[in-house]
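Next come the chains, spelled out residue by residue.
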Amino acid sequence: MRNKPSKTNDGKGTGEDVCAGHALGFPMRAELGFLPIESVTLDVFRCLCEIYTTGAVQPWEIAMREAEEKLGASEGPVLVGRVTALLRALRSERKVGFSYLSIGCQHVSPDELAVSGLLRAARAGDERALERGLKLALDGPHPSVRTQVAIRALASQQLQHINPGADATADSDSHELQKQTVQSIYLH
């Protein structure tokens, strides 16, 4: 979804902002136990989806700035490159577009959740979960080597930014990530 001002409508007239993710009942990052590197990756993914949707350069600048602020001048651009490689690979194999939310939104769309689950499975070395997730995400039985390499490369980079033991908690929640299902609206 494009960056738009939040609408004020909580049904009670209290003036609280309601974003699209909330309105659609999507889960929140905190509920899913997102690690800081997962949040940065998600925001970069969203920016890149926005580039494909609009063709504008500004989301690329935002992605680079966010990644550099969180990971530094040398690692930030690498993250953007790895997320780009993964998104390009997924787009080449997938039959439908991706649902995504605005950068910074604390909710997570179904497709964002699927990609996060794939990365968690790759980081944990859970080949069965990775294989199942790829089949679901790509609507096909055999993902290309390109997609598998892109997932593993991004997961490997994420591992460099995770404290030992922090991912163990996240991995125990990976099955919960796979169980989460919500209505999906495909935006591009």
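Residues numbered from 1 in each chain as written. Predicted model: local features only at pLDDT ≥ 70, side-chain atom pairs only at ≥ 80, totals over all residues. Heavy atoms only, no water.

1. Concerning the environment of Gln157
Put simply, the rule is: Per the convention used, a helix needs a DSSP run of H or I reaching at least four residues, while a strand needs a run of E reaching at least two, with both numbered from the N terminus. Only protein chains enter the area calculation, which uses a 1.4 Å probe; residues under 20% of their type maximum are buried, those over 50% are exposed, and those in between are partly exposed. Any two residues whose heavy atoms approach within 4.5 Å at even a single point are treated as in contact. A 3.5 Å cut-off defines polar contacts: any pair of N or O atoms within that distance qualifies, except that in protein one atom must be a possible hydrogen donor and the other a possible acceptor, and neighbouring residues in sequence count only when both atoms are side-chain atoms.
Note that Gln157 resides in helix α8 (residues 145–159). Look at Gln157 and you get buried, because its relative accessible area is 3%. Between the C-alpha atoms of Gln157 and Leu79, which are 78 residues apart in sequence, the distance is 7.3 Å. If sequence neighbours within four positions are ignored, Gln157 has contacts with Glu75, Val78, Leu79 and Arg82. A distance of 3.0 Å separates the side chain of Gln157 from the side chain of Glu75, its partner in a polar contact.

2. Observations regarding empty space enclosed by the protein
Threshold: Whether a set of points on the 1 Å grid over the protein atoms alone is a cavity depends on a 1.4 Å probe fitting there but being unable to get out, while an open set qualifies as a pocket with protein on both sides within 12 Å along at least five of seven lines; lining residues are those with an atom within 4 Å of a point. Grid points are joined across faces, edges and corners, and a volume is the space filled by probe spheres set on the points. Just so you know the grouping, Ala, Val, Leu, Ile, Met, Phe, Trp, Tyr, Cys and Pro go in nonpolar, Asp, Glu, Lys and Arg go in charged, and all remaining residues, Gly too, go in polar.
What the rule picks out here adds up to two cavities of 30 Å³ or more. Estimated volume of the largest cavity: approximately 90 Å³. Looking at the largest cavity, the residues that line it are Glu38, Thr41, Leu42, Phe45, Val83, Leu86, Glu112, Val115, Ser116, Leu119, Leu154 and Gln158. Within the residue set of the lining of the largest cavity, elements represented by two or more residues are α3 (36–54), α5 (75–93), α6 (110–124) and α8. When grouped by side-chain class, the residues that make up the lining of the largest cavity number seven nonpolar, three polar and two charged.

3. Focus on the packing of α5 against α8
Selection rule: Axis definition: a line fitted to C-alpha atoms, over the contacting stretch in the case of helices. Angles run 0 to 180 degrees between N-to-C directions. Any angle that falls under 35 degrees is termed roughly parallel, while one over 145 is termed roughly antiparallel, one within 65 to 115 roughly perpendicular, and all others oblique. The handedness criterion is simple: a crossing whose near helix is rotated anticlockwise from the far helix by less than a right angle is left-handed, and one whose near helix is rotated clockwise is right-handed.
At a minimum axis distance of 9 Å, the contact between α5 and α8 shows a crossing angle of 155 degrees. The pairing of α5 with α8 is recorded here as roughly antiparallel in orientation. Crossing geometry of α5 relative to α8 is assigned as left-handed. Taken together, the residues of α8 that come into contact with α5 (itself represented by Glu75, Val78, Leu79, Arg82, Val83, Ala85, Leu86, Arg88, Ala89, Leu90, Ser92 and Glu93) are Arg146, Thr147, Ala150, Ile151, Ala153, Leu154 and Gln157. Its residues assigned to classes, the contact of α5 with α8 comprises 11 nonpolar, three polar and five charged.

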